[in-house]
Amino acid sequence: MSTKASRSAARAMISPSVLLLLCWMVVPLAMTVWFSLLRYNLLMPGAHPFVGLENYQYFVSDPAFTDAIVNTLLLVGGVLLITVVGGVLLALLLDLPIWGQGIVRIMVIAPFFVMPTVSALVWKNMFFDPVNGLFGHLAKTIGVQPYDFLAQAPLASIIGIVSWQWLPFATLILLTALQSLDSEQLEAAEMDGAGAFARFYHIVVPHLARAVTVVILIQTIFLLSVFAEIFVTTNGGPGTASTNLTYLIYKESLLSFDVGTGSAGGVIAIILANIVAIFLMRMIGRNLDA
Amino acid sequence: MARAVTPRRKAFNTLAAWIVGVLVFFPILWIVILSFKTEGDAIKTPLAVLSAPWTMESYAVVQERSDYFRHFWNSVVISLGSTVIGLVIAVPSAWAMAFVPGRRTKDVLMWMLSTKMLPPVGVLLPIYLICQSLGLLDTKIALVVILMLINLPIMIWMLYTYFKEIPRDILEAARMDGASLKEEVLYVLLPMAVPGIASTLLLNIILAWNESFWTLNLTAAKAAPLTAFIASYSSPEGLFYAKLSAASTMAIAPILIMGWFSQKQLVRGLTFGAVK
């Protein structure tokens, strides 16, 4: 159906976005890779000699790197666990016939629209603060010593904040998937004598599996890059207790102005993210054919 | 699932759902409440906070002391600017890929998606140095361009999934009736595409409004949007709960309302059409 003229018109319409994205991807990426091979510090003017993989060696052998990798895994894993389990339970609850479903749904998805700096600061001050925070007041009311969340369990507190932000996303996607489940299938199974548990296990779970995978993959992409929540609460501390890979690279880059090391870290972050991305792309690509 | 349940069962489910809903929503509710209290009252115990008198004082103070509306305006310019420019580029691309698909269309789409997987911190230094050498640090222009680029793949994908759903028979019928390409786009396609474009606009304004990596790293006092302005409360002086609450309430209210309108599109946009 497409004529030669319409095809060349189509090409002209696609090319601006392709060119822009190509520049956006290739130029900074090439620069990062190039910088990562130089001894280049903005605070030390002069030549930037080529040093090969020295920056990588320096970055990886820094004990902070191991801490950051562990923290990144804990952060991503912890938030995924909380949001997926919580999201499945919430989606199942919201899918039941209840009064005011629309309003409950609006309340549940609201945190997703709160900007990260606001949610992090609100949790830090209004809830976690041992003196004036809500949890502090609550502890004093029941006569326990208030717990200083961000000082004593910084990473767990940040996992809590980030989970609160992403729970709505998981819930919304899983709820959408649940609602696309064919109810006739469930009724047929019930008539054939399948119990509530059997129906859930053999029909609902397989149906949700795909949506859960999508949630896990997409959240992982975003969670690997958690930054603002750490930036405004703990600054990665105490020590490196709440420093993830993104924050560590930021510190090397814009606090120490060590372009070489920061770029080496950047390349490592890109490689890590790509491992996840490959799986995600495969899933979405399969969906494109369907 | 339209299956019969006893009223008692339904009441129980309703109660459970409402308790969970209110708990999840509570932090937002709490900052709205605190924003209408005085600084002295805002740090009291929860019951004392609720019984304290209501006041608009904090809103006035936030505006007066920190020029709140300049940051609000920066957020508006950055999110709206990046989204509108992005749409101008994305609409023709998505249209072409949906209606004149070639052999490589799928690969191009997948490749565009892959640019979204690039962790921002991986290119922080090059972008920072480019902006620095062009004198674009702490300017709205730099953020408009960057946020446009990071959201461009999402825009194209969303528009593509919407355009795909437009029945092609209608286009063919119009063509048979002698419509030119321009007429086809203007009178047939555009009216059917408007809802999809509107949802894409909405979702991308939300994403750009809340973006907090580039906005924090590339702005200082001048071009700081609300994300960066709020971050300045992380090292406060004196009592600041009521002011932080007032600033936060104003920062999230418009986007919360837009978000509630775009629930359905959110799923489609953020899963790249994998869940609808």
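What counts, and at which threshold
- Residues numbered from 1 in each chain as written.
- Chains lettered and ligands numbered in written order.
- Predicted model: local features only at pLDDT ≥ 70, side-chain atom pairs only at ≥ 80, totals over all residues.
- Heavy atoms only, no water.
- Helix = DSSP H or I, 4+ residues; strand = E, 2+ residues; numbered from the N terminus.
- Rg over C-alpha atoms; globule rule 2.2 N^0.38 Å.
- Buried < 20%, exposed > 50% of the residue type's maximum accessible area, 1.4 Å probe, protein only.
- Contact = heavy atoms within 4.5 Å.
- Lys, Arg positive; Asp, Glu negative; His and termini not counted.
- Charge placed at Lys NZ, Arg CZ, Asp CG, Glu CD.
- Salt bridge = Lys/Arg side-chain N within 4 Å of Asp/Glu carboxyl O.
- Polar contact = N/O pair within 3.5 Å; in protein donor to acceptor, adjacent residues only side chain to side chain.
- Nonpolar A, V, L, I, M, F, W, Y, C, P; charged D, E, K, R; others polar.
- Domains from an automatic or database assignment.
- Buried area = accessible area lost by both parts, 1.4 Å probe.
- Core = buried A, V, L, I, M, F, W, Y, C linked by side-chain atoms within 4.5 Å.
- Axes fitted to C-alpha atoms, helices over the stretch in contact; angles between N-to-C directions.
- Parallel < 35°, antiparallel > 145°, perpendicular 65-115°, else oblique.
- Left-handed = near helix turned anticlockwise from the far one by under 90°.
- Patch = residues over 30% accessible without salt bridge, like charges linked within 9 Å, V, L, I, M, F, W, Y side chains within 5 Å.
- Areas by Shrake-Rupley, 256 points an atom, 1.4 Å probe, with all protein chains shown as cover.
- UniProt positions renumbered as here; feature names shortened; annotations may be inferred.
- Phe/Tyr/Trp six-rings, centres within 6.5 Å; stacked < 30°, edge-to-face > 60°.

Visitor: Where do I start with the overall build of chain A in this structure?
Guide: When you go through chain A residue by residue, the secondary structure sums to 13 helices and 0 strands. Sequence-ordered secondary structure for chain A, helices as α and strands as β, is α-α-α-α-α-α-α-α-α-α-α-α-α. The C-alpha radius of gyration of chain A comes to 24 Å, more than 25% above the 19 Å expected for a compact globule of 290 residues. Looking at chain A residue by residue over its 290 residues, the buried ones come to 54%. Within chain A, contacts between residues at least 6 apart in sequence are counted, and of these 69% link residues at least 24 apart. Charge centroids of chain A, computed over 12 positive and 15 negative side chains, lie 11 Å from each other.

Visitor: Sorry if this is basic, but what is going on with the interface of chain B and chain A here?
Guide: Interface size is commonly expressed as the accessible area that is lost once the parts come together. With 106 residues of chain B at the interface, the matching set in chain A holds 103 residues. Remark: the boundary between chain B and chain A carries 0 salt bridges. At the surface where chain B touches chain A, the tally comes to 12 residue pairs in polar contact (both at pLDDT 80 or more). Among the elements that make up the side of chain B that touches chain A, the one with the highest residue count is helix α1 (residues 7–35) of chain B (19 residues). Here the residues of the side of chain B that touches chain A are counted per class, giving 78 nonpolar, 19 polar and 9 charged.

Visitor: It is not clear to me how the domain arrangement of chain B should be interpreted in this structure. Could you clarify?
Guide: Residue and element names in this part refer to chain B. Partitioning chain B into structural domains gives domain 1 (1–66 + 235–248) and domain 2 (68–234). Its C-alpha centre places domain 1 at a distance of 33 Å from the equivalent point of domain 2. Residue-level contacts link 10 residues of domain 1 with 8 residues of domain 2. In terms of surface lost to domain 2, no three residues of domain 1 exceed Ser66, Ser235 and Ala247, which account for 49% of the buried area on that side. On inspection of domain 1 and its partner domain 2, the count reaches 0 salt bridges.

Visitor: Got a minute to help me understand the nonpolar core in this structure?
Guide: Counting 194 residues, the largest nonpolar core has Met126 of chain A together with Phe99, Phe163, Trp214 and Ile230 of chain B as its most contacted members. Counting contributing residues per domain, this core is built from domain 1 (1–66 + 235–248) and domain 2 (68–234) of chain B, each supplying no fewer than three. Residues within four places of Phe163 of chain B in sequence aside, it is in contact with Val91, Ala94, Trp95, Ala98, Phe99, Ala193 and Ile197 of chain B.

Visitor: Quick question: what am I supposed to make of the packing of helix α9 (residues 183–191) of chain A against helix α10 (residues 196–223) of chain A here?
Guide: Residues and elements named next belong to chain A. Across the interface, α9 lies against α10 with an axial gap of 11 Å and an inter-helix angle of 150°. Relative to α10, the element α9 lies roughly antiparallel. Note that α9 runs across α10; the crossing there is right-handed. Contacts between α9 and α10 pair Gln185, Leu186, Ala189 and Glu190 from the former with Arg199, Ile203 and Val204 from the latter. A breakdown of the residues in the contact of α9 with α10 according to their chemical character gives 4 nonpolar, 1 polar and 2 charged.

Visitor: I'm lost on the pattern of salt bridges in this one. Help?
Guide: Should their charged atoms come close, side chains of opposite charge can pair. Per the stated rule, a full pass over the model turns up 5 salt bridges over all chains. Glu190 of chain A serves as the salt-bridge partner of Arg199 of chain A, at 3.8 Å between the closest nitrogen and oxygen. Classification of Arg199 of chain A as buried rests on a relative accessible area of 13%. For Glu190 of chain A, a relative accessible area of 35% translates into the label partly exposed. A salt bridge links Lys243 of chain B to Glu39 of chain B; the shortest N-O distance between them is 3.3 Å. Linking Lys243 of chain B in helix α13 (residues 241–261) with Glu39 of chain B in helix α2 (residues 39–42), this pair joins segments that are 204 residues apart in sequence. This pair shows no difference in class: Lys243 of chain B is buried, exactly as Glu39 of chain B is.

Visitor: How should I be thinking about a positive patch on the surface in this particular structure?
Guide: Together, Lys4, Arg7 and Arg11 of chain A together with Arg103 and Arg104 of chain B make up a region of like positive charge exposed at the surface. When you line up the elements, Arg7 of chain A lands in helix α1 (residues 4–35). You can call Arg7 of chain A partly exposed: its relative accessible area is 40%.

Visitor: Could you clarify how one ought to interpret the UniProt feature "transmembrane region" (unreviewed entry) in chain B in this entry?
Guide: What UniProt calls "transmembrane region" (unreviewed entry) maps, in this numbering, to residues 12–36, 72–96, 108–129, 141–163, 184–209 and 240–261 of chain B. Secondary structure over residues 240–261 of chain B splits into 95% helix and 0% strand, and the C-alpha atoms at its two ends are 32 Å apart.

Visitor: Sorry, what's going on with the packing of aromatic side chains here?
Guide: What describes a pair of aromatic rings is the distance from one ring centre to the other and the angle between the planes of the rings. Residues and elements named next belong to chain B. A full pass over the atoms with the stated rule returns 37 aromatic pairs over all chains. The interplanar angle of 75° and the centroid separation of 5.7 Å between the aromatic rings of Tyr68 and Phe229 together place this pair among those described as edge-to-face. Pair noted here: Tyr68 is in helix α5 (residues 68–99) and Phe229 is in helix α12 (residues 226–231), with a separation of 161 residues, a long-range link. Accessibility classification places Tyr68 together with Phe229 in one group, the buried group. With a centroid separation of 5.6 Å and 80° between ring planes, the pair formed by Phe72 and Trp209 is classed as edge-to-face.

Visitor: Please clarify how a nonpolar patch on the surface should be interpreted in this entry.
Guide: All names here are of chain A. Residues Leu81, Ile82, Val85 and Leu89 make up a contiguous nonpolar surface patch of about 390 Å² in total accessible area. Looking at the secondary structure, you find Ile82 in helix α3 (residues 63–95). When its relative accessible area of 43% is taken as the criterion, Ile82 is described as partly exposed.

Visitor: How should the side chain of Lys243 of chain B be read in this particular structure?
Guide: Judged by its relative accessible area of 14%, Lys243 of chain B is buried. Apart from the residues within four sequence positions on either side, Lys243 of chain B is in contact with Glu39, Ser58, Val61, Val62, Arg65 and Tyr233 of chain B.

Visitor: Explanation requested: unusual backbone geometry in the structure shown.
Guide: Most peptide bonds take the trans form, and the phi angle of most residues other than glycine is negative. Residue and element names in this part refer to chain A. Between Gly237 and the following residue, Pro238, the backbone shows a cis peptide bond with an omega angle of -5°. Tracing the sequence through the fold places Pro238 in the loop between α11 (228–233) and α12 (245–255). A positive phi is found at Asn235, a non-glycine position, where the angle reads about 55°. Relative to the helices and strands, Asn235 resides in the loop between α11 and α12.

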